[in-house]
Structure formats: C-alpha cells, structure tokens
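Below are the chains, spelled out letter by letter.
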Amino acid sequence: MQAWFEKASAMFEAAFVTGDRWKLYLNGLGVTLEIAFFAAILGMIIGTLLAFMKLSVRRNGKKSILAVIANVYIDIIRGTPSVLQLMIMWFIIMANSKNGVIVAILSFGINSGAYVAEIVRAGILAVDNGQMEAGRSLGLSKAKTMIYIIIPQAVKNVLPPIGNEFIVLLKETAIVGYVSLTDLTRAANQIASRTYEAFMPLIGAAVIYFIVIKILTILLAKFERRLRKSDNR
C-alpha cells in the first residue's frame, strides 16, 4: 500500500507540480471556457433567428422560403459530425486564418445554433395558442403579441434546455486540438507525452471537467427551481 501511494504521489507530482505543469491545465481550461462561452452566445443568436425562420409561413399556410432555408441548415449541421465541421472551417473556409480560437468559436457556434433553434422553436410552440388569440383580441398586432406575450413565456421553457446545451457544448470543445489549440484535453495529452504516463494527466483533466460541469449542473438546477417557484405564484 505504501509503495502504491509513493508511486501515485510521484505520478501526481510529475503531472501537476514539476515545471509548474498545473498552469498548462489552468490555461487549457481558460481556452475551453472561452470557446464554450462565446460559441454559446453565437449559437443562441443563430438558433433564435433560425427558430423564427422555421416558424414563418406564407399566407396560404405553406412553409416560407426562410423556413426551407432554416430546415436545410439544421439538417446539414445536425447530420454531420462536429469534428468534421471544425476541420472544414479550419482547413477550407478559414484556411488563411491563424486564429484558432475564432475558428473554433465560429464552428461550435454554428453547430450549436442548429440545436438551439429546435429548443427555441419547441419553447414557442409550447405556449398555448390561446395566448396569441388573447393578444390579438386586445388589439395587439401579431408581432407585438409575439414580443410582449409569447416570447416572455417561451423564455421560461427554453432557458433550462439552453443551459444543458451549454454543458454539452463545453464537453464538445475537447476536439479543438484538431486546430492546434491547447485546451484542457490537449494540455493533458501534452503532459502525458512528456511524462510518458497517461493515467494521471488524463484522469486529472477528467476530474477538472467533472468539477466544472457539476458546478454548472448545480447552478442550472437551482435556476430551474426558481423558475418553477415563479410559475406557482
């Protein structure tokens, strides 16, 4: 038992202490959070626009051109791997760019937008149809009814799944090593290659991911409870 403890201590020191290698994990975590945060914002903007495009219809009740465009976008993005989209963005679309962070944010933001679009659309459709009729009966236009009555109610429906989407996005950023970015996962791989020992660096990165995501999950759960309390008032 003592021999195992000494070996584990030596592995821990080599993976985190020697040469201030803990800074690599910290810097990698910073890159991960930066990409996830800005990609989530971009994804929310794109997703909201796509949701309204998908809900748009012609006067005869058929889908509009905007709805068709949104459907094609969502089908293509959701039907292809995110790592492939990242590589296309890096090697083809933005081949002349040397800023891997921007490329990653754009790639993950575009990817997340397709999923956020379905979340927002479902949240809007979850609002009772009678709310639109009530707004129109009060003399509000369809646009004003959507802005002042439908959307505020839809926000409560979409915020919890949006939070879950951010958690998923945070984990998906682990593939940014394909565009030469040193995120948390790649930092662990680099340390493993230096120490010739993969166990401690990879387990350490996994623990860091778990702690960050657990904190976000707890905060999201508290936020959902507050929303439920406000619904019961």
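A short tour of the structure in this document, coming up. (Residues numbered from 1 in each chain as written. Predicted model: local features only at pLDDT ≥ 70, side-chain atom pairs only at ≥ 80, totals over all residues. Heavy atoms only, no water.)

Moving on to unusual backbone geometry. For Asp20, which is not glycine, the phi torsion reads 55 degrees and is therefore positive. Structurally, the position occupied by Asp20 is in the loop between helix H1 (2-17) and helix H2 (22-55). Note on Asp20: relative accessible area 40%, which makes it partly exposed. Backbone geometry at Tyr196 places phi at a positive 55 degrees, although glycine is not the residue there. With respect to the helices and strands, Tyr196 occurs in the loop between helix H8 (184-195) and helix H9 (199-231). Classification of Tyr196 by relative accessible area gives exposed; the value is 76%. (Helix = DSSP H or I, 4+ residues; strand = E, 2+ residues; numbered from the N terminus. Buried < 20%, exposed > 50% of the residue type's maximum accessible area, 1.4 Å probe, protein only.)

Core analysis: the biggest nonpolar cluster contains 18 residues, and Ile35, Leu86, Ala104, Phe108, Val176, Val179 and Leu181 have the highest contact counts within it. Of all the secondary structure elements, the ones that give two or more residues to this core are H2, helix H4 (82-93) and helix H5 (100-125). Here this core gets five residues from one element, more than from any other, and that element is H5. Listed in part, the 17 residues of the second largest apolar core include Met11, Leu29, Leu184 and Ala188. (Core = buried A, V, L, I, M, F, W, Y, C linked by side-chain atoms within 4.5 Å.)

It is worth spelling out a positive patch on the surface at this point. A contiguous patch of positive charge, built from Lys222, Arg225, Arg226, Arg228 and Lys229, is present on the exposed surface. One can find Lys229 in helix H9. Residue Lys229 is classed as exposed on the basis of its relative accessible area of 59%. (Patch = residues over 30% accessible without salt bridge, like charges linked within 9 Å, V, L, I, M, F, W, Y side chains within 5 Å. Areas by Shrake-Rupley, 256 points an atom, 1.4 Å probe, with all protein chains shown as cover. Salt bridge = Lys/Arg side-chain N within 4 Å of Asp/Glu carboxyl O. Lys, Arg positive; Asp, Glu negative; His and termini not counted. Charge placed at Lys NZ, Arg CZ, Asp CG, Glu CD.)

The next subject is the pattern of salt bridges. One pass over the structure, following the stated rule, counts three salt bridges. Where Lys23 meets Asp20, a salt bridge forms, and the shortest distance between an N and an O atom there is 3.9 Å. The partner of Glu118 in a salt bridge is Arg121, with the nearest N and O atoms 3.0 Å apart. Of this pair, Glu118 and Arg121 both sit in helix H5, three residues apart, roughly one helical turn. One salt-bridge network, held together by shared partners, links Lys54, Glu118 and Arg121.

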